[in-house]
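Each chain is listed here by its residues.
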Amino acid sequence: MELRVDDCDVEVPDGCSVLDATRLTAAAVPTLCHDDRVGSAGVCRACLVVADGAVVAACTTPATAGMEVRTDDPDVAAQVRLVLELTAERLPATALDRPSELTALCERFGIGPTAFGGARGLGRDESHPYFALDRDLCIACGRCVQMCDEVQGTFALTLAGRGADTVVAPGGGAWLDSACVSCGGCVDSCPTGALAERTTATATTTTRTTCGYCGVGCSLDVHVADDDVVSITPARDGPVNRGHACVKGRFAHGFVRSAERLTTPLVRRDGELRPASWPEALEHVARELGRIRSAYGPDAIAAISSARATNEENYLMQKLVRTVIGTNNVDNCSRICHAPSAAGLTAAFGLSGGTNPADDIERADLFLLAGTNATEAHPVVGARIKQQVLRGARLVVVDPRRTELAALADLHLQVRPGSNVAVFNGLARLLLEDGTADQDFMAARSEGLEELRVVLAGYPPERVEEISGVPAGLLREAARLYGTSDLPAIYYGLGVTEHAHGTDGVRTLSNLAILRGAVGTPSGGGVNPLRGQNNVQGASDMGALPDLLPGYQRVLDDDARRRVGDVWGATLPERPGLRIPDMFTGALDGRVRALYVMGEDIAQTDPNSSHVRAAIEACELVVSQEIFLSETARLADVVLPAASYLEKDGTFVNFDRRFQRVRPALTPPDGARTDFEILLEVAEALGGDLGVSTPAQAMAECAEVAPLYAGISHERLDREGALPWPCRSADDPGEARLYATAFATPSGRARLAAVDWLPPGEQPDSEYPYVLITGRRLAHYNSGTMTRRTPNRDLVGHELLDLHPDDLARLGLRDGDETEVTSRRGSVVVRVHATDALVPGEAFIAFHFPDVAANLLTSEVVDAATSCPEYKVTAVNIRPAI
Amino acid sequence: MATVDARSPVEELLIRGGTLPVAAAHGARTYFADERVPRGERHVRVCTGTGCFAATGGRHVVDAEAALGVGIDRCAADGSVSLQSARCLGYCYASPAALDDDAPLAGATLLEQLVHRSERVDPPVPVAAVGPPVVLRGILGREPAWQVWPTVLTRTDGADHVLREVGIAGLRGRGGAGFATARKWAAVARTDDHGPRFVVANGDEGDPGSFADRMLMERDPGRVLEGLALAGLACGATAGYVYVRSEYPRAFATMHRAVDAARAAGHLGTDIHGSGLDFDVEVVSGHGSYVAGEETSLLRSIAGLRGTVRVRPPYPTRHGLLGRPTAVNNVETLAAVPAILADGGAAYARLGRGEETGTLVVCLNARFAKPGAYEVELGTPLRVLVEEVGGGLDGGATLRALQVGGPLGGFLAPSRLDLPLLDSSLSEAGVALGHGSLVAIDDGVSRDDLLRHLWQFGADESCGACTPCREGTRRGAADPVAVAADDALLDLMTDASLCAFGRRLPAAIRSLTAVPSWS
């Protein structure tokens, strides 16, 4: 519609406000309570304008066709000034001490310190480690409450009191004791500094980069002074986070200037790690790798690349291993998280990634969430899903635990760990029985239905109930919801993949979308894995895999190998290399003599830690490229001090296949080097030449060898912003939503999988009667090397074992008592936390803290197809600690 | 670009069946007066409404503090007694008044009653109809409630029939806003999604000076419920709520009993009278807030949230209780509906004048010679109400100002009694009809006292959502006379406040300063 603002014609879509319309002109209508991330409350009344002759608040007045808006009426300007004076006179002049939206408006309207009143003496809340509330500065605009409700969905805040006494409160107690999840949305939005971070320094530079925690891919602005982080704020135009972040990305940056950062290489001499110069360390690495390669051949060397490092570094690592060392023994930690996704999604649809962009979350009218605790492990995506559910989308959650989203769900299918395949098969059978399967789609775009029908005959709801514990009626209702929604979307996590039959889980889950025609169609929300680490998608995309070259070109494909080898000027090894678990067994049986580990803490994060440690001990050379002296680094022969994501140049690929730029906001500490630099130097020390000298060059070369990323370059990302792959040419916008016309399988059809449920690798018995599930918690990340070195420790300082109150009673335990948890492989001592989020007989623990080394317990059972460990099912015994 | 449609995720959470978040519950607790004032074993609420203020100049409050040995809005140190100010208990015809726990006391012997030195007096509302009664039909013994409902349900076009007749009647909201009732119901009925819709009876009769709704809820609750059920039918709602302010404990109890009785008689519940229609009603209590009478505030209060107002549009007909389409109607409006359907809309439309059809129950305070509630035709001259119906002032006192329509209505000088009881005419004179209360002011209070009383009311009851009202009433309470002359501030409140409270208060203040001073 068209309207006029100060004699200027503007055009806005329906549903826009007068404020939106004014923003298309030079008019700068003042606002205090407005934030584009939330709805307009229209309470501050600073945005008064004249619309069709009436004084209105621009933010809450709908623009109408032909409306005449004036923002320059002097009488209204005087009223706005009065609004600001009325606001200012309640606040102490200290409100002017720190720049804010309020101070900017005061300056614009010439309102100085004399217009301010005194402190009201309402006091401060200093309980939170990252920010404080100064109640005297609160103007009761409610933006913080709206951010908490409308963006984060935690409902931790409220305005309290009435009339002129109104002030924000985190419920009745201290902030730290509230429901707050420390996402920082309130602090980010506060227009007066009533809620403000504790930092007092003023930033001199700001760098746009991508978060180094989890696979969501939040765009962040890093504000820096004196080569240290002042604060990190979410980018309002971040394509995935849209101005939101979580406690990790926004606040947990203190580790980067920790005194524990590694700043000098360490080389083991006489059994002890001792400081060495870079030339000494590099010479040692090169000499030993050379010796081992000469003595045992290149396949005696194996490398683990890093899902936390950039694409360019991963690209360099696999190129180093393949060309300079001459083996395909390179893998990355997607092996132990989402390898079943890569295998399963490729088999079902053709490409190794989620099918739909995050933008589709707001289109979905039903979510099927399986094995994902998104609000803790992927908080920003979790928040977006939660908001869409609050807006009215239906929610079905398949999870052994009553997670935050399970508690909100229409249906919670509280499955026994290890029963996913039976549940998904049961749902598939019901879709066919109910007639909600899409016959046309199946006929035109899928294959394998007949074989599937044969298998599904064995999964009537009653049998699924026996296997999974999910009541048959609930399963029927879930099938009905998924079957009858208009745009159903599947999101899943490690609760699907980290099983002995994780790939089968991904395949049978994908079946549901195929049967429903809900993938590769306009009404399909697809099948979307929530990837664990910041660049676990990218590490695999770059070919840090033993059987795949960059862009998922198969090592066994002679043409692909030759094509890539031609660009690299090398002949590539023909035989696929070892997967991570095979590297460990190889080390123990003498096939592997050297292990090169970049940015992974395998001694803490990989299953059956005793076994991993033994493998490390067995190697003649273990190199650890790290930012801290991790559990793995302690055991290594050479430790090379590396850089963090805040100090790096490159790109990450997030869970929805988006390439996003990573830019250095800080310089690495003296003595530390980026992984990119280190790999170049190692190659050089080995007499090799990796052919590129900058991350931009590495990306350009990757684009040359991998058709999927042919259109990706740093220059283009800097110019256009994020780009999804496939992106096949410089003018290809990338394919955010996959398979619109055909699937990428050889037949072009989506492949249904006819697979039976098989029991998990670990079974409880009388000696180990409990099933232990491992996973993550909100405040910490993975092995905790980063988050434990930040004030996140004040939020969650130690690990607890979650256990049902009935089990506590049975064991004679009280909440908080120490217990000893023992599996067939090891034991840990941990305090217990009573929660009915689990059913009796099941327990949950995270692996963030080395003093509660959860992976001493987990088993070496792996997914049959991909060797992904069965982290989600461990039989344990629990007893009071002595 | 953001759309102007604000969401309320906490309401979205609640309608999904989620529990009220701890913080939201805290926000509500700290908002409502009933929760803010500490409670002793004995809890006395003393009326500080305009009727009682006009009767004693506020002396009864000071006396109550002294008699009970506890300050206003305080609890005695030993916890034996607490004293809360309540802005109108609906006993303006027998001022001053108090609630001793839930027992009403009123009259000149209030102090003695409070210290048990006098019989408790709980005078009934003197009530009469000047013409043929419509709303008061049940109370005056002409026609019991629930006569229309069973017959309407036998019609296949029941909902349309109700909408049509109420439309023909020209019935408008009696709560003060005067919106056409049939249009409101049609807006809810038109909603095209399949989720729940609600109808709500607004029994938050907050205007000091009004007691008509209390009387209706206490003495003919079935008529209110029947009107609500008819509204529910017209709107396609299956659930209704009656929101009764906490200052009316007896009305709350009688409404409760009336719902039980209606269920027992088969007027409410499932498959009502074999029609296949389901409709049931819940009675909920307020917690002490004048602004809760504003519909967005009232709906948030029912949901257990803070009773602050939110911007409209969206109107409750689209985004109401828990975000669902909702029709909110004043108790008196609903009480008129059974008679409209009994007689036909045209009969009702013949009453009143022009577009302002029908009758209004006018409340006269104790300074009149004949205080009480009177159903009169709209258009009746104020002079008739003051001099004939009210019999002039008690004891021959001199009328100095006449407050019309409560604190947001305004004051008229005695020279202006020739105005008719019509919102259109009164608006032109700078006051608003409101809920139809008339409070006579005589020499017992001064104009400046009244200004102070009004500003304090504003500051105490402002919900605090928007800057002009929150800060304007604060300034007004601090310096009542000077701020009453601050045109810039009064204009800002009028132009830019979020709801009628802040927008109307300046006009009421100005109307009072326009009355010649009498002391």
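See the structure printed just above.
A quick note: this is a predicted structure, and the numbers were derived from the prediction, not measured.

K.L.:
So what's going on with the pattern of salt bridges? Residues and values would help.
P.N.:
Enumeration over the complete set of coordinates arrives at 100 salt bridges over all chains. Taking the shortest distance from any N to any O, the salt bridge between Glu 404 of chain A and Lys 386 of chain A comes out at 2.7 Å. Taken together, the residues Glu 404 of chain A in helix 12 (residues 404–408) and Lys 386 of chain A in helix 11 (residues 379–390) connect sequence positions 18 residues apart. Under the relative-accessibility criterion, Glu 404 of chain A is labelled partly exposed at 33%. With a shortest N-O distance of 2.6 Å, Arg 474 of chain B and Glu 471 of chain B are connected by a salt bridge.

K.L.:
Pulling in residues and values, what's your account of the sheet that holds strand 8 (residues 239–244) of chain B?
P.N.:
What links the strands of a sheet is backbone hydrogen bonding, and the strands pair in either a parallel or an antiparallel sense. Residues and elements named next belong to chain B. Pairing is parallel in the open sheet, where four strands are placed in the order 9-8-7-10. This sheet does not close on itself; its edge strands, each paired only once, are strand 9 (280–285) and strand 10 (326–330). Adjacent strand axes in the sheet meet at a mean angle of 20° when their direction is disregarded.

K.L.:
How would you sum up the environment of Gln 456 of chain B? Please name residues and give values.
P.N.:
All names here are of chain B. Note that Gln 456 resides in helix 18 (residues 447–461). For the pair Gln 456 and Thr 467, spaced eleven residues apart in sequence, the C-alpha separation works out to 17 Å. With residues near it in sequence (within four places) discarded, Gln 456 still touches Arg 87 and Ala 477.

K.L.:
Could you give an account of helix 8 (residues 158–169) of chain B, with specific residues and numbers?
P.N.:
Residues and elements named next belong to chain B. End to end, helix 8 covers 16 Å across twelve residues, agreeing with the expected 16 Å (1.5 Å per residue, within 8%). For helix 8, the full list of buried residues reads Gly 158, His 161, Val 162, Leu 163, Glu 165, Val 166 and Ala 169. In the core, the buried residues of helix 8 are packed alongside helix 7 (149–154), helix 9 (181–189), helix 11 (221–235), helix 14 (331–343), helix 15 (345–349) and strand 12 (356–357). Backbone geometry just downstream of helix 8 places Gly 170 in the positive-phi region, at approximately 75°.

K.L.:
Describe the side chain of Thr 372 of chain A, with residues and values.
P.N.:
Residues and elements named next belong to chain A. Topologically, Thr 372 is positioned in the loop between strand 18 (366–370) and helix 10 (374–377). Since its relative accessible area comes to 3%, Thr 372 is described here as buried. Looking at Thr 372, its side chain comes within polar contact range of the main-chain nitrogen of Ala 374, at 3.3 Å. Ignoring anything within four residues of it in the chain, the contact list for Thr 372 reads Asp 399, Tyr 491, Tyr 492, Gly 493 and Leu 530.

K.L.:
Break down the interface of chain A and chain B for me, with residues and values.
P.N.:
Contacts between chain A and chain B engage 56 residues on the former and 47 residues on the latter. When the two sides are added together, the surface that chain A and chain B hide from each other amounts to roughly 4100 Å², 57% of it contributed by carbon and sulfur. Among the residues of chain A in contact with chain B, Leu 86, Phe 155 and Arg 162 of chain A are the three that bury the most area, contributing 19% of the side total. We note a salt bridge from Glu 89 of chain A to Arg 474 of chain B, for which the minimum N-O separation is 2.7 Å.

K.L.:
Could you give an account of the packing of aromatic side chains, with specific residues and numbers?
P.N.:
Within the structure shown, the criterion is met by 23 aromatic pairs over all chains. Taken together, a centroid distance of 6.2 Å and an interplanar angle of 50° make the contact between Phe 367 of chain A and Tyr 491 of chain A tilted. In this pair, Phe 367 of chain A sits in strand 18 while Tyr 491 of chain A sits in strand 22 (residues 488–492), placing the two residues 124 residues apart along the sequence. The side chain of Arg 162 of chain A reaches across the aromatic face of Tyr 31 of chain B, ending 4.9 Å from its centre. In this structure, Arg 657 of chain A packs its charged tip against the face of Trp 725 of chain A, placed 5.8 Å from the ring centre.

K.L.:
Give a detailed account of unusual backbone geometry, specifying residues and quantitative values.
P.N.:
A negative phi holds for most residues other than glycine; trans holds for most peptide bonds. Residue Pro 726 of chain A follows Trp 725 of chain A across a cis peptide bond; omega there is 0°. Secondary-structure assignment places Pro 726 of chain A in the loop between strand 31 (723–724) and strand 32 (750–751). The peptide bond linking Pro 313 of chain B to Pro 314 of chain B adopts the cis configuration, its omega dihedral lying at 5°. The phi angle at Asp 227 of chain A is positive, at roughly 55°, despite the residue not being glycine. Along the polypeptide, Asp 227 of chain A turns up in the loop between strand 12 (219–225) and strand 13 (228–234). The class for Asp 227 of chain A is partly exposed, based on a relative accessible area of 31%. Phi is positive for His 116 of chain B, close to 60°, though the residue is something other than glycine. Within the element layout of this structure, His 116 of chain B appears in the loop between helix 6 (110–114) and strand 6 (127–129).

K.L.:
Give a description of helix 9 (residues 339–349) of chain A that names residues and reports values.
P.N.:
All names here are of chain A. Burial analysis of helix 9 places eight of its eleven residues in the buried class, the great majority of the element. Within helix 9, the full set of buried residues consists of Ala 339, Pro 340, Ser 341, Gly 344, Leu 345, Ala 347, Ala 348 and Phe 349. Buried-residue contacts for helix 9 involve strand 22, helix 18 (494–497), helix 19 (502–515), strand 23 (527–529) and strand 32. Of the residues one or two after helix 9, Gly 350 is the one with positive phi, at around 115°.

K.L.:
Talk me through empty space enclosed by the protein; I want residue IDs and the actual numbers.
P.N.:
For the structure on display, the rule yields eleven cavities of 30 Å³ or more. Of the voids in this model, the largest cavity is the one considered here, and its volume is about 700 Å³. Lining the largest cavity are 34 residues, with Val 145, Gln 146 and Asp 149 of chain A together with Arg 300 and Thr 308 of chain B sitting closest to its centre. Elements represented by at least two residues in the lining of the largest cavity include exactly helix 4 (143–152) and strand 8 (158–160) of chain A together with helix 1 (9–15) of chain B. A per-element tally of the lining of the largest cavity places helix 4 of chain A first, with four residues. Residue lining of the second largest cavity: 38 residues in total, with Leu 494, Glu 498, Thr 774, Gly 775 and Lys 872 of chain A positioned closest to the centre. Mapped onto the lining of the second largest cavity, the elements with two or more residues apiece are helix 18 and strand 33 (770–775) of chain A. The element contributing the most residues to the lining of the second largest cavity is strand 33 of chain A, with three residues. Looking at side-chain class alone, the lining of the second largest cavity contains 14 nonpolar, 18 polar and six charged residues.

Cut-offs applied
Residues numbered from 1 in each chain as written. Chains lettered and ligands numbered in written order. Predicted model: local features only at pLDDT ≥ 70, side-chain atom pairs only at ≥ 80, totals over all residues. Heavy atoms only, no water. Salt bridge = Lys/Arg side-chain N within 4 Å of Asp/Glu carboxyl O. Helix = DSSP H or I, 4+ residues; strand = E, 2+ residues; numbered from the N terminus. Buried < 20%, exposed > 50% of the residue type's maximum accessible area, 1.4 Å probe, protein only. Pairing = 2+ DSSP bridges. Axes fitted to C-alpha atoms, helices over the stretch in contact; angles between N-to-C directions. Contact = heavy atoms within 4.5 Å. Expected span 1.5 Å × (residues − 1). Polar contact = N/O pair within 3.5 Å; in protein donor to acceptor, adjacent residues only side chain to side chain. Buried area = accessible area lost by both parts, 1.4 Å probe. Phe/Tyr/Trp six-rings, centres within 6.5 Å; stacked < 30°, edge-to-face > 60°. Lys NZ or Arg CZ within 6 Å of the ring centre and 35° of its normal. 1 Å grid on protein atoms, 1.4 Å probe; cavity = no way out; pocket = protein on both sides within 12 Å on 5 of 7 lines; lining within 4 Å. Points joined across faces, edges and corners; volume = space filled by probe spheres on them. Nonpolar A, V, L, I, M, F, W, Y, C, P; charged D, E, K, R; others polar.

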